[in-house]
Amino acid sequence: MAKRNIVKIGDDVLRKICRTQLNFDERLHQTLDDMKETMYGAEGVGLAAPQIGVLRRYCVIDVGDGLIELINPVITEKSEEVQTGNEGCLSIPDRSEIVTRPMKVTVRAQNRYGENFTVTGEGLKARALCHEIDHLDGVLYIDHAKRRN
Ligand code: NI
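Overview of the structure. This structure is a prediction, so every number in the text was calculated from the model and none was measured.

**Some words on the coordination of the nickel ion**
Around the nickel ion, the protein contributes the donor atoms C89 (SG), H131 (NE2) and H135 (NE2), which lie 2.0 to 2.3 Å from the metal centre. Mapped onto the sequence, the donors of the nickel ion take the spacing C-x41-H-x3-H. With C89 in strand β4 (residues 82-89) and H131 in helix α2 (residues 124-135), this pair connects stretches of sequence that are 42 residues apart. Classification of H131 by relative accessible area gives buried; the value is 6%.

Structure below.
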C-alpha cells in the first residue's frame with residue numbers, strides 16, 4: 001500500500017464525471033488499498049477515486065464503524081427528513097461549511113469483487129455517502145453549502 005497525493009480544489013479533475021468501473025481486478029484492489037491508507041493517513045471519513053486523480057466511480061468510507069468500499073454506488077433511497085451540519089473535504093483543506101443532507105440514505109453498490117450489496121446509513125454515515133457519491137459526478141460539498149451574506 002502507498003499513500004497517494006490528495007488532489008486539491010482548483011484542479012479540474014475534481015469536476016469531471018467519473019466512468020463506471022468495469023474491472024474488479026488486482027489494479028482496482030491496489031488502488032482501493034492506497035485510498036484506504038490515504039484516507040486514514042489524512043484522518044478523513046471518506047475518499048473518492050477522483051480525489052487521487054482516478055476518474056472512476058468508487059470511494060471508501062469509514063465513519064468509525066468500519067471500512068466500506070463502494071464501487072459504482074447509486075443512492076436508491078433518501079429520507080425526507082434532513083440533517084443540517086458542518087461538512088468538510090480532504091480536497092478543500094482548512095474549511096468547512098453548513099450543508100443540509102438527507103438524514104438517512106440507502107445505497108446500492110458493488111464490492112471489490114464485483115458482488116452487489118446494499119448499505120443504509122444514518123446521520124454522519126448518510127452524510128459521508130452523499131458527499132463521496134457526489135464526488136463521482138464532479139460535485140463538491142461547497143456547491144450545496146448555504147451562501148453566507
Ligand atoms: Ni470530499
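That covers the picture; the talk isn't over yet.
**Here we look at the sheet that holds strand β1 (residues 46-48)**
The sheet built from five strands is open, its strands ordered β1-β2-β3-β6-β7 with antiparallel pairing. Whereas interior strands pair on both sides, the edge strands pair on one side only; in this sheet they are β1 and β7 (116-122). Along the sheet, successive strands turn relative to each other by an average axial angle of 40°, direction set aside. Running over the sheet, helix α1 (residues 26-41) touches β1, β2 (58-61) and β3 (68-78) and is turned about 40° from β2. The strands touched by α2 within the sheet are β1, β2, β3, β6 (104-110) and β7, with β7 carrying the most contacts at an inclination of about 125°.

**A short note on the pattern of salt bridges**
Summed over all chains, the structure comprises 10 salt bridges. As a salt-bridge pair, R15 and D143 come within 2.7 Å of each other at their nearest N and O atoms. Taken together, the residues R15 in the segment before α1 and D143 in the segment after α2 connect sequence positions 128 residues apart. D143 sits in the partly exposed class, given a relative accessible area of 40%.

Rules used in this analysis
- Residues numbered from 1 in each chain as written.
- Predicted model: local features only at pLDDT ≥ 70, side-chain atom pairs only at ≥ 80, totals over all residues.
- Heavy atoms only, no water.
- Donors = N, O, S within 2.8 Å, 3.2 Å for Na, K, Ca; no water.
- Helix = DSSP H or I, 4+ residues; strand = E, 2+ residues; numbered from the N terminus.
- Buried < 20%, exposed > 50% of the residue type's maximum accessible area, 1.4 Å probe, protein only.
- Pairing = 2+ DSSP bridges.
- Axes fitted to C-alpha atoms, helices over the stretch in contact; angles between N-to-C directions.
- Contact = heavy atoms within 4.5 Å.
- Salt bridge = Lys/Arg side-chain N within 4 Å of Asp/Glu carboxyl O.

In short, geometric facts, not functional conclusions.
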